[in-house]
Amino acid sequence: MKKKTLVLAHRGYRAKYPENTLLAFRKGFEAGADGLECDVQKTADGRYVIIHDGTIDRTAADGSKGNVGAMTLESLKTADMGQGERIPELIEFLIHLPENAFINIELKDETLTKDDMPELCDLILANIGNRGLLVSSFDHSLLPHFSKRNIRVGLLIGTETKRLGIFRLMHRIVRLRPYSMNLPIDMFSAIGNRPSRMLLCLFGLLGIKVIFWTVNTREQFENAYRYGDGIITDRVEEILEMVREKEV
């Protein structure tokens, strides 16, 4: 049986279009991505928006600045994110999704708390249901509500969570029963090939899928394809071509 590797457009087709905008998401699908990865933050007036950082300083193309959690939706919408695109509200993103898309929504702890999770969960389910939905976060305390409602969750592991240790990590795995471990592709260089392979073998034995981020080069792809089930990439077309070479 041929392997089928999931390819997700990282913040949309970020290599060519303004990240986390409706344009980038649409272009990701047009390029052939199986789905999208995006980030959710909360505004000062309690609206959920799609943006990675806790500020708009890096991504605003017009020089606008400000903290997302201190700005209203209306004020955020005045910032040009590039090519005339505005920061989308989560509901805008959800209603524009193709039916069979796989969506990885990352919850950002700069502006989100555990108290937001019931409302956020209801909003997502009311608009797209549970189809192709994966909710992930570096802050694992944001995930139990989704897990209890039988929504797939992904444990994001990065520099902040490397200090967990294997026993605390296993405790979280047992408690949350994650669909996937969302791992940085640089883990192979950060902790070494052998420890990385042992950890990946453990996840496989537990029936947990592995999704690698952010995979943009041939070398990164080779490791991600060999050991993973999914790839999050900025370079959608290039990675899809590499996948096709493997899966013809």
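Here's what I pulled together on the structure shown here.

Rules behind the numbers
Residues numbered from 1 in each chain as written. Predicted model: local features only at pLDDT ≥ 70, side-chain atom pairs only at ≥ 80, totals over all residues. Heavy atoms only, no water. Buried < 20%, exposed > 50% of the residue type's maximum accessible area, 1.4 Å probe, protein only. Helix = DSSP H or I, 4+ residues; strand = E, 2+ residues; numbered from the N terminus. Pairing = 2+ DSSP bridges. Right-handed = clockwise from strand over helix to strand, strands pointing away. Phe/Tyr/Trp six-rings, centres within 6.5 Å; stacked < 30°, edge-to-face > 60°. Contact = heavy atoms within 4.5 Å. Salt bridge = Lys/Arg side-chain N within 4 Å of Asp/Glu carboxyl O. Axes fitted to C-alpha atoms, helices over the stretch in contact; angles between N-to-C directions. Parallel < 35°, antiparallel > 145°, perpendicular 65-115°, else oblique. Left-handed = near helix turned anticlockwise from the far one by under 90°. Nonpolar A, V, L, I, M, F, W, Y, C, P; charged D, E, K, R; others polar.

Focus on the pairing of strand 5 (residues 133–137)
For strand 5, a buried count of five out of five residues is recorded, marking the element as mostly surrounded by other parts of the structure. Alternating residues of strand 5 divide into Leu 133, Val 135 and Ser 137 and Leu 134 and Ser 136, and every residue in both groups is buried. The pairing of strand 4 (residues 102–107) with strand 5 spans four bridges and is classified as parallel. Paired with Ile 105 across the bridge in strand 5 is Val 135. With helix 4 (residues 117–128) bridging strand 4 and its parallel neighbour strand 5, the resulting β-α-β unit is right-handed. As paired strands, strand 5 and strand 6 (residues 152–156) are joined by four bridges and run parallel to one another.

Here's the deal with unusual backbone geometry
A cis amide bond, omega -25°, links Trp 213 with the succeeding residue Thr 214. Its location among the elements puts Thr 214 in the loop between strand 8 (209–213) and helix 9 (218–227). In this structure, Gln 83 is a non-glycine residue whose phi angle is positive, near 55°. The backbone phi angle of Arg 177 is positive, close to 50°, even though this residue is not glycine. With respect to the element layout, Arg 177 can be found in the loop between helix 6 (166–176) and strand 7 (180–184).

Observations regarding the packing of aromatic side chains
Counted under the stated rule, the structure contains seven aromatic pairs. Measuring from ring centre to ring centre gives 6.4 Å for Phe 102 and Tyr 179, while their planes differ by 35°; the resulting arrangement is tilted. Taken together, the residues span a long stretch of sequence, with Phe 102 in strand 4 and Tyr 179 in the loop between helix 6 and strand 7 at a distance of 77 residues. Since its relative accessible area comes to 21%, Tyr 179 is described here as partly exposed. A centroid spacing of 5.8 Å and a plane angle of 85° characterise the contact between Phe 138 and Trp 213, whose relative ring orientation is edge-to-face. Here Phe 138 is found in the loop between strand 5 and helix 5 (144–148), whereas its partner Trp 213 is found in strand 8, with 75 residues between them in sequence. Residue Phe 138 is classed as partly exposed on the basis of its relative accessible area of 22%. The partly exposed category is assigned to Trp 213, whose relative accessible area is 22%.

Examining helix 1 (residues 22–30)
Every buried residue of helix 1 is accounted for by Leu 23, Ala 24, Phe 25 and Gly 28. Here the buried face of helix 1 lies against strand 1 (6–10), strand 2 (35–42), strand 3 (48–50), helix 3 (90–95) and helix 10 (236–247). Just downstream of helix 1 lies Gly 32, where phi reads positive at about 110°.

Quick word on the pattern of salt bridges
Enumeration according to the criterion identifies 20 salt bridges in this entry. Across the pair Arg 218 and Glu 222 runs a salt bridge, and its minimum N-O distance is 3.4 Å. Of this pair, Arg 218 and Glu 222 both sit in helix 9, separated by four residues, roughly a single helical turn. Overall, Arg 218 belongs to the partly exposed group, its relative accessible area being 36%. Glu 222 gets classed as partly exposed once you look at its relative accessible area, which sits at 30%.

Details of the packing of helix 9 against helix 10
Contact geometry of helix 9 with helix 10 gives a least axis separation of 11 Å together with a crossing angle of 50°. Accordingly, the angle class assigned to the pair helix 9 and helix 10 is oblique. Pair helix 9 / helix 10 crosses with right-handed handedness. Residues Arg 218, Phe 221, Glu 222 and Tyr 225 of helix 9 touch helix 10, and the partners they reach there are Ile 239, Met 242, Val 243, Glu 245, Lys 246 and Glu 247. Among the residues making up the contact of helix 9 with helix 10, the classes are represented as five nonpolar, no polar and five charged.

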